[in-house]
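Chain and residue survey
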Amino acid sequence: MFSALLVAIPVMLVSAASDVPPNGWTLATDDTRITIGVESNQPVIRRLEDTAGANTWIDAASPVPLMPTVTVNGADLSPQWRFSDGAMSEDSTTLMLAFQNDSPRLLLKSIWRARQGRGPVEHWLTLENQSSESVVVTHQDSLSLRGLKPNGDAMVWSIKRGGGNASTQGGTSTEPLNAGYSLNLAPNCDDGASPVPWLSVQAGDTHGIYAGWEFSGLGRIAANAAEGTALDVDVGLLPEFKTDIAPGEVFQVPPAFVGCYTGDIDDGAYTLHRWILTHLRPKLPDDIPDPILAYNLYLDAGGPSAKEADVLRSAAFCHDIGFEAFMPDAMWFPACGDWRWDPARFPSGVTPIEQYVHNSGMRLALWCAWTNGGISEDAGALSVRGPVGHPDWFDSDFKPDWQPGPFYGGRVCLASPEAKQWETDKTQWLVANHKLDYLKHDCGPIITQCNKSTHRHHFGVDASYWATMGYYEVQEKLRAATPRIILENCSGGGHIKDFGIIQRTHYTVTTDTLSNLPDRQSIYDSTFAFPPMVLQAYTYERYYRVPGDDPGSYLWRSAMMGAWQIDPTNTRIWTDEEKDSAKRDAQIYKDWVRPMLKDVKVHHILPRPDGVQWDGMFYWSPSLKRGTLYAFRPDADADKQTIRLKGLDAAGSYWVWCEDGSVAPGERKGDELMQAGLPVTLSRRYSCDLVYVQDASLGKPAGLQAPGAFHLGEAKGDSDAFHASVKLAWAASENARGYRVRIGRTKELRDVLAEEVVTGLSTSIANIPPNTELFWAVEALSWGGKRESEGGAGTFQTPELKALPNVTFLSDMEWVRSNAGADNKVHRDTNYSGGEIHIAGTVHPKGIWTHAYNDATPADLVVPIADKGFAKFVADAGVEDSGSGGSVQFQVLVDGAVKAESPVMRSGKAHHFDVDVTGAKEVTLRVLNGGDGYVCDHSAWGNARLIKAGSADPLG
């Protein structure tokens, strides 16, 4: 039962004795050295320092308190711990100290481990009940550090998880360590704003120390400086914790760690990163790309309305842009808890999808909230009631009319032995039955409270502990049964982000708001403790209606600093340039970024991203001797920034070049890059670049050739009734990796109307002024520099807009009344975010955007048309593409009577209206929800128009 957490101890233990060596026992990693002794029958830390001996944090006996109280038959007892044995492993990496209590008979082991290589020293305890009666054990800290001395001014660092949204729930905190300082970090796997179980004390910029906890349940890290700046730190379960252990049972106190380092906070993070990747994170076979480029499918296929053809279309798109794992997300099953392919929408099950994915050379992934149950009566379902229900497995009770959400529901408590066995079988069935290469779990697999008395927990305060142990056991048995499986921890975003979960999964979602700024904020915060290789950042294009979230490099590169998982919302409307941008950055990730992540050192060289000031980070791989500066200009006025790098050899030389032309290529000295800084130019807001740095000792990098001469080609202006556009073409430039295209009103292009970077030899740019002479220029971009086209800027004339006689758009008319649900207003000619209206992948330059209500209230737009001579109302209506998961019904009323209506509409479909309005006084456009609430019920009437009597519809 306890094997999931018990840490293996080397079998060969030597120097066992009841006497403590005069100088104690010393263990050391490449960074941290600790000396342990025993005094007054309890462990003591005699010395804690970095391995160079330059900075000593503890230099006098610091006691490690042992459990002070146990309860037997309702009576509280104070154990009289007696040191009985001490044993060091043959390789001097593990020390076990044994302490005995006679009544009740208990054996407590204090275990210290210093694994080879960089990183911290760990400590955990086990308590075996050797008596014949059940014993209630109480709080025992995993690690206690008394009197830590920074020997100078110091700052205490901590970070928040940023689970739901790193902009609101994340953050990096730094506080000065002064007399009276007090901090209580309370990590909680159900709270996305709670802290990561980690803190660091940074003394100046010369040295520091960090501590952390290897557990996902409720706990705390308490740091207090009662006198002066000597700091006491306690790491472990909550002080009120207690649980019972039966005769013969062994209780595990979760591991904790402490590590010393020299240098700044990023130096400390690097030692911890190396240890995590070397010793904690599960290994993947060498033939699996790591981090794997994953394509997550939910909105892109239509959410819960997706069918086999939709999924296969997205799988083909995934393959085309070069992603390596294809993941159907929360859209493949009929209902929460009924974890089988929906037989109505997928009559052939997973087989056609699995075969296509594997035959295309990709890996098959799957989303499943396997600890969430619903009310399905299918024999294989996880249900809270009904003929197959197991209400006793869940953490709470459910009313008779309770309904689950579309993909979340009642939460199983994995402290229930029966539930734990069901989940063990179910996860292994998911992998085997679907021939999975990758499994993602979500929606809180670890509960923190439970009201059941039949589970392994018995005191409330121990529910989180035993649920965590159960989760660990399920995950470890799954890996043992399928050792090649890739495991992702989503859990509502980065809610479960700790040093226990990363021992049972390969990737942890870093934030659940899949937008450019939260992604960068989360990676900024989290990399103080975790290596970017384990931090999974998702990208939703256009979903949050914020600048920088269009499909393109600014969004992609905001996630490319970690394990990048693209999560398209609607690839049907992507342009060729947008598709090419994803393909291009995926290849950059494979060729340049991914190899670095295996040992990258992260430097936080610019402030935490805030969406206004420039932000960026510098990654350096010591083994590859190369690095990447990620530079982002969000809504900043300045188009230039001088950025000082870190971590280079001041006396060394480095080749510097970039992807998109923001820096001039060349060889530079390390001290120049770190002291004077590197000038970077980003000419427009919400733009970015990847700047490459490589040690000159490796020679001049291949591919640093300047672009060749090239000429502009044809500029062909066009217009319709709504806007002007131009198609631009140019000849190829030798060595070019891309082209920057600009359009402006003057030949000097000081007033830039449009700018984009593309990889092809042509592009179409819309929404430019009609009937206007405009100028355009193309700049070829290569790793060796940039080059303007021969002859400089070109010019073209945009035509006038085309007239539409006898047509009036409702968005140009006066309205009698308009109302929309979800506290929205009705929009003229734009969607919710002010962008173009898209329905089923088609752009509608004119139209009406509205939103359904949560109840039967109609969302109405009433337009007077009396005596205006109109004969027909025409429109194409549907769920606007930014609301991909919505379901709505459209009606057209003429003088109060329903004259036409659509079926319930979902994303990806449009309904054409052509309604006779001859002699009418008013027309009402009505939207109703589809009977399932108003989530994502973004509704649009595309090109809604009235046609004069006797006239043809010019758009028909």
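Cut-off values and rules
- Residues numbered from 1 in each chain as written.
- Predicted model: local features only at pLDDT ≥ 70, side-chain atom pairs only at ≥ 80, totals over all residues.
- Heavy atoms only, no water.
- Pairing = 2+ DSSP bridges.
- Helix = DSSP H or I, 4+ residues; strand = E, 2+ residues; numbered from the N terminus.
- Axes fitted to C-alpha atoms, helices over the stretch in contact; angles between N-to-C directions.
- Polar contact = N/O pair within 3.5 Å; in protein donor to acceptor, adjacent residues only side chain to side chain.
- Buried < 20%, exposed > 50% of the residue type's maximum accessible area, 1.4 Å probe, protein only.
- Right-handed = clockwise from strand over helix to strand, strands pointing away.
- Phe/Tyr/Trp six-rings, centres within 6.5 Å; stacked < 30°, edge-to-face > 60°.
- Lys NZ or Arg CZ within 6 Å of the ring centre and 35° of its normal.
- 1 Å grid on protein atoms, 1.4 Å probe; cavity = no way out; pocket = protein on both sides within 12 Å on 5 of 7 lines; lining within 4 Å.
- Points joined across faces, edges and corners; volume = space filled by probe spheres on them.
- Nonpolar A, V, L, I, M, F, W, Y, C, P; charged D, E, K, R; others polar.
- Salt bridge = Lys/Arg side-chain N within 4 Å of Asp/Glu carboxyl O.
- Contact = heavy atoms within 4.5 Å.
- Left-handed = near helix turned anticlockwise from the far one by under 90°.
- Core = buried A, V, L, I, M, F, W, Y, C linked by side-chain atoms within 4.5 Å.
- pLDDT = per-residue confidence, 0-100.
- Disulfide = S-S within 2.5 Å.
- Expected span 1.5 Å × (residues − 1).
- Bend = angle between axes of the 7 residues up to and from the residue.
- Parallel < 35°, antiparallel > 145°, perpendicular 65-115°, else oblique.

1. A closer look at the sheet that holds strand β14 (residues 141-148)
Spatial strand order, β14-β21-β20-β17: four strands in an open sheet with antiparallel pairing. The sheet terminates laterally at β14 and β17 (182-185), the two strands that pair on one side only. Strand-to-strand, the axes of this sheet are offset by a mean angle of 5°, without reference to chain direction. As paired strands, β17 and strand β20 (residues 220-224) are joined by four bridges and run antiparallel to one another. Within the sheet, the bridge partner assigned to L183 lies in β20 and is A223.

2. Focus: the environment of R456
Structurally, R456 is set in the loop between β29 (438-441) and α6 (463-481). Along the chain, R456 and D392 lie 64 residues apart, while their C-alpha atoms are 12 Å from each other. Engagement of the side chain of R456 in a polar contact is seen with the backbone oxygen of D244, the distance being 2.6 Å.

3. Some remarks on the pairing of strand β33 (residues 563-566)
Along a regular strand, successive side chains alternate from one face of the sheet to the other. Here β33 shows no split at all, with A563 and Q565 on one side and W564 and I566 on the other all buried. Two elements, strand β32 (residues 535-539) and β33, share four bridges in a ladder whose sense is parallel. Bridge pairing links A537 to W564 in β33. With helix α8 (residues 553-559) bridging β32 and the parallel β33, this β-α-β connection has right-handed handedness.

4. Looking at the sheet that holds strand β35 (residues 615-621)
Spatial ordering of the open sheet is given by β34-β35-β36-β41-β38-β39, a layout of six strands whose pairing is antiparallel. The open sheet has two free edges, formed respectively by β34 (601-603) and β39 (666-669), since each of these has just one partner strand. On average, adjacent strands in this sheet sit at an angle of 25° to one another, irrespective of strand direction.

5. Some remarks on the packing of aromatic side chains
Applying the stated criterion to the full structure yields 58 aromatic pairs. Taken together, a centroid distance of 5.3 Å and an interplanar angle of 85° make the contact between F317 and W574 edge-to-face. Highlighted residues: F317 in helix α3 (residues 308-320) and W574 in the loop between β33 and α9 (576-597), separated in sequence by 257 residues. Here W574 falls in the buried class, since its relative accessible area comes to 9%. One aromatic cluster in this structure is built from W213, F215, F241, F251, W370, Y465, W466, Y471 and Y472. When the ring centre of W466 is taken as reference, the NZ or CZ atom of R456 above it lies at 4.0 Å. Just above the ring of Y472 sits the side chain of R504; from NZ or CZ to the centre is 3.7 Å.

6. Here we look at empty space enclosed by the protein
Tallied over the entire structure, the rule returns five cavities of 30 Å³ or more. Put simply, the second largest cavity is a space of about 60 Å³. Along its surface, the second largest cavity is lined by F215, G217, L218, L237, L238, F241, V461, S464 and Y465. For the lining of the second largest cavity, the per-class residue count stands at seven nonpolar, two polar and no charged.

7. With respect to helix α7 (residues 516-526)
Counting buried residues in α7 gives eleven out of eleven residues, a clear majority hidden from the surface. For α7, the set of buried residues is N516, L517, P518, D519, R520, Q521, S522, I523, Y524, D525 and S526.

8. Some remarks on the pattern of salt bridges
The final tally for this structure, using the stated rule, is 58 salt bridges. We note a salt bridge from R584 to E659, for which the minimum N-O separation is 3.5 Å. Of this pair, R584 sits in helix α9 while E659 sits in the loop between β38 (653-658) and β39, and the two are 75 residues apart along the sequence. Residue R584 is classed as buried on the basis of its relative accessible area, which comes to 12%. For E659, a relative accessible area of 1% puts it in the buried group. Taken together, the shared-partner salt bridges connect R557, R584, D585, E659, D660 and R737 into one network.

9. A few points about the layout of surface pockets
Its volume calculated, the second largest pocket comes out at about 1,200 Å³. Residue composition of the lining of the second largest pocket, grouped by class: 25 nonpolar, twelve polar and eleven charged.

10. Some thoughts on the side chain of T371
Turning to its location among the elements, T371 is positioned in the loop between β26 (363-368) and β27 (372-373). Overall, T371 belongs to the buried group, its relative accessible area being 0%. Apart from the residues within four sequence positions on either side, T371 is in contact with L382, G410, R411, V412, L414, E423, C443, G444 and P445.

11. Re the packing of helix α5 (residues 417-434) against α6
Working note: a packed helix pair is described by the angle between its axes plus the distance between those axes. Contact geometry of α5 with α6 gives a least axis separation of 9 Å together with a crossing angle of 35°. Relative to α6, the crossing made by α5 is right-handed. Every residue of α6 that contacts α5 at K420, E423, T424, T427, Q428 and V431 is listed here: G470, E473, V474, K477, L478 and A481. Grouping the amino acids of the contact of α5 with α6 by side-chain chemistry returns four nonpolar, four polar and four charged.

12. Re the environment of T271
By secondary structure assignment, the location of T271 is in helix α2 (residues 265-280). The spacing of T271 and P120 is 151 residues in sequence and 8.0 Å in space, taken between C-alpha atoms. Ignoring any residue separated from it by four or fewer positions in sequence, one finds T271 in contact with D31, R118, G119, Y210 and Y261.

13. Focus: the nonpolar core
Formed by 194 residues in total, the largest nonpolar core has its most connected members in L48, W112, W198, W332, F499, W564 and Y619. Ranked by residue count, the leading element in this core is α6, at nine residues.

14. What about the confidence of the model for the protein?
Confidence in the prediction of the protein, expressed as mean pLDDT, is 95, and 98% of residues score 70 or more. Predicted confidence for residues 1-17 stays below pLDDT 50, and this span has 53 contacts to residues more than four positions away or in other chains.

15. Concerning the state of the cysteines
In the structure shown here, the tally under the stated rule is zero disulfides. Sulfur of C490: no disulfide; nearest cysteine sulfur belongs to C443 and is 7.4 Å away. Residue C658 stays outside any disulfide, its sulfur separated by 11 Å from that of C688, the closest cysteine.

16. Let's talk about the environment of D610
Here D610 is to be found in the loop between β34 and β35. When the C-alpha atoms of D610 and R520 are compared, they prove to be 9.4 Å apart, with 90 residues separating the residues in sequence. Sequence-distant contacts of D610, defined by excluding residues within four places in its chain, comprise L517 and Q521. Among the polar contacts listed, one links the side chain of D610 to the backbone nitrogen of Q613, at a separation of 2.9 Å.

17. Overview of unusual backbone geometry
Here the bond from S103 into P104 is cis, since omega is -5°, no more than 30 degrees from zero. Its place among the elements puts P104 in the loop between β10 (94-101) and β11 (106-113). Note that the residue after D290, namely P291, is joined by a cis bond; omega there is 0°. You can see P291 is positioned in the loop between α2 and β24 (294-297). The backbone of D895 sits at a positive phi, close to 50°, despite the residue not being glycine. Tracing the sequence through the fold places D895 in the loop between β58 (887-894) and β59 (897-901).

18. With respect to the pairing of strand β19 (residues 207-213)
Burial runs high along β19: seven of the seven residues are buried. Because side chains alternate across β19, one face comprises the buried residues H207, I209, A211 and W213, and the other comprises G208, Y210 and G212, equally buried. Across six bridges, strand β18 (residues 198-203) lies against β19 in antiparallel orientation. Along β19, the bridge assignment pairs A203 with H207. The hairpin formed by β18 and β19 contains three residues between the paired strands, and G204 there has a positive phi angle of roughly 55°. Pairing between β19 and strand β23 (residues 250-262): seven bridges, direction antiparallel. Residue pairing for β23: H207 is matched across the bridge by T262.

19. Quick notes on α9
The terminal C-alpha atoms of α9, which comprises 22 residues, lie 30 Å apart, in line with the 32 Å expected from a rise of 1.5 Å per residue. Residue Y589 marks the point of greatest curvature in α9, where the axis turns by about 45°.

20. Section: the packing of α3 against helix α4 (residues 351-359)
For the pair α3 and α4, the least separation of the axes is 10 Å and the interaxial angle reads 10°. The angle between α3 and α4 places the two elements in the roughly parallel class. Contacts from E308, V311, L312, A315 and A316 in α3 reach P352, I353 and Y356 in α4. Partitioning the contact of α3 with α4 into residue classes produces seven nonpolar, no polar and one charged.

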